[in-house]
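# A closer look at the structure
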Amino acid sequence: MNKLSIFTKGLLKENPALVLILGMCPTLGVTTSAINGLGVGLATTFVVVLSNMIISMLKKLIPDNVHIPAYIVVIASLVTILQQLMAAYLPSLNESLGLFIPLIVVNCIVLGRAEAFASKNNVADSALDGLGMGLGFTIALTILGAIREVLGAGSIFDLKFYDGDGIIGFILAPGAFLVLGYLVAGCRRLINKIYKKEE
């Protein structure tokens, strides 16, 4: 597998949120606005890139019978650092995202990439894999948040573009499921078109 395909598979073909359907807790819970989706996506990207690199470096030192707990310690340490940095430099975003930042520790995208890729590959490839998966997740969450914010509040990135109320259902949980369903269907259709042409 070449380096470009390691990076790009997470953007579309194996997008964590829209194809693999992983990380649904933040995907549905936090994407009431584009800025929240972008914030959680970038936070997850930070953790998955660094955890992939660290686990790839330490893979030969971690015994097989404790590899999952060891990965969780690495991930939890990175999330703690991230949360302290956000509290210091981005307090409003940190407050807005609340519990979803600590929940990155148990996000199956991060642990899944550590187990499936970083534990078997070199540091550079692991960093690329984490970056691709993280950016794919970020793009999906930002688009989902933007659509919900436009339809539910009449704004995007907190910039109001029409007066009045939006459709409140899109800010609530049912709106998240509805928009996600359409995004998943659209993504699958796009993947089918792209990869049919390649065959």
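In the block above lies the structure referred to throughout.
Computed from a predicted model, the values in this text were never measured in an experiment.

This brings us to the overall build of the protein chain. Within the protein chain one finds eight helices and two strands. The order of helices and strands in the protein chain, counted from the N terminus, is α-α-α-α-α-α-α-β-β-α. A compact globule built from 199 residues should have a C-alpha radius of gyration of about 16 Å, and the protein chain, at 18 Å, falls within 12% of that. By its C-alpha atoms, the protein chain is 60 × 50 × 25 Å across when sized along the principal axes. Across the 199 residues of the protein chain, 42% fall into the buried class. Considering only residue pairs separated by 6 or more positions, the protein chain has 74% of its internal contacts joining residues 24 or more positions apart.

What follows is about the side chain of E149. Position of E149 relative to the elements: it lies in helix α7 (residues 123-153). Buried charge without a salt bridge: E149, with K160 as the nearest opposite-charge side chain at an N-O distance of 8.5 Å. Within polar-contact distance, the side chain of E149 engages the side chain of S155 at 3.0 Å. Among all residues touching E149, those that are not within four sequence positions of it are T32, S33, A34, G154, S155, I156, F157, D158 and I171.

Looking now at the nonpolar core. Judged by nonpolar contacts, the single largest core of 40 residues is most densely connected at L18, V47, L82, L97, I101 and I104. At the level of secondary structure, the elements contributing two or more residues to this core comprise α3 (34-58), α4 (67-89), α5 (91-97), α6 (108-116), α7 and α8 (173-198). Ignoring anything within four residues of it in the chain, the contact list for V47 reads I75, L78, V79, L82, I104 and V110.

Inspection of the secondary structure puts L12 in the loop between α1 (3-8) and α2 (24-29). If near-sequence neighbours (up to four positions away) are discounted, L12 is found in contact with V19, C187, L190, I191 and I194.

This part is about the pattern of salt bridges. Opposite charge on two side chains permits pairing when their charged atoms draw close. Using the criterion set out here, one finds three salt bridges in the structure. Across the pair K3 and D125 runs a salt bridge, and its minimum N-O distance is 2.5 Å. On the criterion of sequence distance, the pair formed by K3 in helix α1 and D125 in helix α7 is long-range, its members being 122 residues apart. With a closest N to O distance of 3.4 Å, K9 and D129 form a salt bridge. Pair noted here: K9 is in the loop between α1 and α2 and D129 is in helix α7, with a separation of 120 residues, a long-range link. Both residues of the pair, K9 and D129, belong to the buried class. Each of K9, R113 and D129 takes part in a single network of salt bridges with overlapping partners.

With that settled, the discussion passes to the packing of α3 against α6. α6 packs onto α3 with a crossing angle of 20 degrees between their chain directions and a minimal axis gap of 9 Å. Relative to α6, the element α3 is oriented roughly parallel. As α3 packs across α6, the resulting crossing turns out to be right-handed. Each of T44, V47, V48, S51, N52 and I55 in α3 lies in contact with α6, whose residues at this interface are I109, V110, R113 and A114. When the residues that make up the contact of α3 with α6 are grouped by side-chain class, the tally is six nonpolar, three polar and one charged.

With that settled, consider the packing of aromatic side chains. Describing an aromatic ring pair means giving the distance of the ring centres and the angle of the ring planes. Applying the stated rule across the entire model yields one aromatic pair. Measuring from centroid to centroid gives 5.5 Å for F161 and Y162, while their planes differ by 70 degrees, and the two rings are edge-to-face.

The rules behind these values
- Residues numbered from 1 in each chain as written.
- Predicted model: local features only at pLDDT ≥ 70, side-chain atom pairs only at ≥ 80, totals over all residues.
- Heavy atoms only, no water.
- Helix = DSSP H or I, 4+ residues; strand = E, 2+ residues; numbered from the N terminus.
- Rg over C-alpha atoms; globule rule 2.2 N^0.38 Å.
- Buried < 20%, exposed > 50% of the residue type's maximum accessible area, 1.4 Å probe, protein only.
- Contact = heavy atoms within 4.5 Å.
- Lys, Arg positive; Asp, Glu negative; His and termini not counted.
- Salt bridge = Lys/Arg side-chain N within 4 Å of Asp/Glu carboxyl O.
- Polar contact = N/O pair within 3.5 Å; in protein donor to acceptor, adjacent residues only side chain to side chain.
- Core = buried A, V, L, I, M, F, W, Y, C linked by side-chain atoms within 4.5 Å.
- Axes fitted to C-alpha atoms, helices over the stretch in contact; angles between N-to-C directions.
- Parallel < 35°, antiparallel > 145°, perpendicular 65-115°, else oblique.
- Left-handed = near helix turned anticlockwise from the far one by under 90°.
- Nonpolar A, V, L, I, M, F, W, Y, C, P; charged D, E, K, R; others polar.
- Phe/Tyr/Trp six-rings, centres within 6.5 Å; stacked < 30°, edge-to-face > 60°.

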